[in-house]
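Tertiary structure, described
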Amino acid sequence: MTAFRLTAQHTDGDLALAHVAGELDVATAPELRAQALALIEQGHHHLILDLEAVTFCDSSGFNALVGIYRCAKTANGTLVLAAVPARLERLLELTGLSTLLPAHPTAAHALVAHTRSQDSASA
């Protein structure tokens, strides 16, 4: 078992980039949700979750991501995923949630896309 960890690396205004590591399951999903919601409550309404180091995700982890998305949306923000493991990416596609939870190949790509969307929104 890989220990769960969420590390907020980049926080800039209303944006936060958090790296998630370990297993997302019934034991760790509540912690993922609590830590992500804390970032949103701190004013980082736009959240990028880098999932590159996630080793496992069950339905509890999946549901936590959906809950985080809903809270971000309620705060007029967004949830974007980066480096999504293949099994989770397939689950997002099969359920149709890939349209709500956009994914980028890397956290760097997600940051660039966020910057571009903010620039076009302000133009």
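The coordinates are above.
Computed from a prediction, not measured in an experiment: that's the story for all the values here. (Residues numbered from 1 in each chain as written. Predicted model: local features only at pLDDT ≥ 70, side-chain atom pairs only at ≥ 80, totals over all residues. Heavy atoms only, no water.)

What to know about the overall build of the protein
Rules: Numbered from the N terminus, helices here are DSSP runs of H or I no shorter than four residues, and strands are runs of E no shorter than two. The globule rule is 2.2 Å times the number of residues to the power 0.38, and the radius of gyration it is compared with is taken over C-alpha atoms.
Helix and strand content of the protein: four helices and five strands. Each helix and strand of the protein, placed in order from N terminus to C terminus, yields the pattern β-β-α-β-α-β-α-β-α. The C-alpha atoms of the protein give a radius of gyration of 13 Å, which matches the 14 Å a tight globule of 123 residues would have. Along the first, second and third principal axes, the C-alpha atoms of the protein reach 45 × 30 × 25 Å.

So, the environment of H114
Quick note on the threshold: Only protein chains enter the accessibility calculation, which uses a 1.4 Å probe; a residue is then buried when its area is under 20% of its type maximum, exposed when over 50%, and partly exposed in between. The criterion used for residue contact is that any of the two residues' heavy atoms lie within 4.5 Å.
Looking at the secondary structure, you find H114 in helix α4 (residues 107-122). Taking relative accessible area as the criterion, H114 reaches 13% and is therefore assigned buried. Each C-alpha atom of the pair H114 and L15 lies 8.7 Å from the other, and the pair is 99 residues apart in sequence. Setting aside chain neighbours within four positions, we find H114 in contact with D14, L15 and H46.

Observations regarding the pairing of strand β4 (residues 78-82)
Convention followed: For two strands to count as paired, DSSP must find a minimum of two bridges between them. By convention, a crossover is right-handed whenever its connection, traced from the first strand over the helix to the second and viewed with the strands pointing away, goes clockwise.
Of all five residues that make up β4, four are buried, and the element is covered over most of its length. With five bridges connecting them, strand β3 (residues 46-57) and β4 associate as parallel partners. When the sheet's bridge partners are listed, H46 is paired in β4 with T78. Chirality of the crossover, the property in question, places the unit of β3, helix α2 (residues 59-74) and β4 among those that are right-handed. With two bridges connecting them, β4 and strand β5 (residues 103-104) associate as parallel partners. Note on β5: the bridge partner recorded for L81 is A103. Traced from β4 through helix α3 (residues 86-95) to β5, the parallel crossover comes out right-handed.

What about the sheet that holds β4?
Strand pairing in a sheet is mediated by backbone hydrogen bonds. Such pairs are either parallel or antiparallel. With respect to topology, five strands assemble into an open sheet ordered β1-β2-β3-β4-β5, the strand pairing being mixed. Both outer strands of the open sheet, β1 (5-12) and β5, are each paired with one neighbouring strand and no more. In this structure, strand β2 (residues 15-24) lies alongside β3, joined through nine bridges in parallel fashion. Directly across from H19, in β3, lies its bridge partner D50.

Examining the nonpolar core
Convention followed: Among the buried residues, those of types Ala, Val, Leu, Ile, Met, Phe, Trp, Tyr and Cys that are joined through side-chain atoms within 4.5 Å form a nonpolar core.
Within the largest apolar cluster, 30 residues are counted, with the highest numbers of intra-cluster contacts made by V20, L32, L47, L49 and L81. Elements with a contribution of two residues or more to this core: β2, α1 (29-41), β3, α2, β4 and α3. Here the element with the most residues in this core is α2; it accounts for seven residues. Beyond its immediate sequence surroundings of up to four residues, L81 is in contact with L49, L51, L65, L92, L101, P102, A103 and H104. The next biggest cluster of nonpolar side chains, apart from the first, holds seven residues, and it includes L17, V80, A82 and A107.

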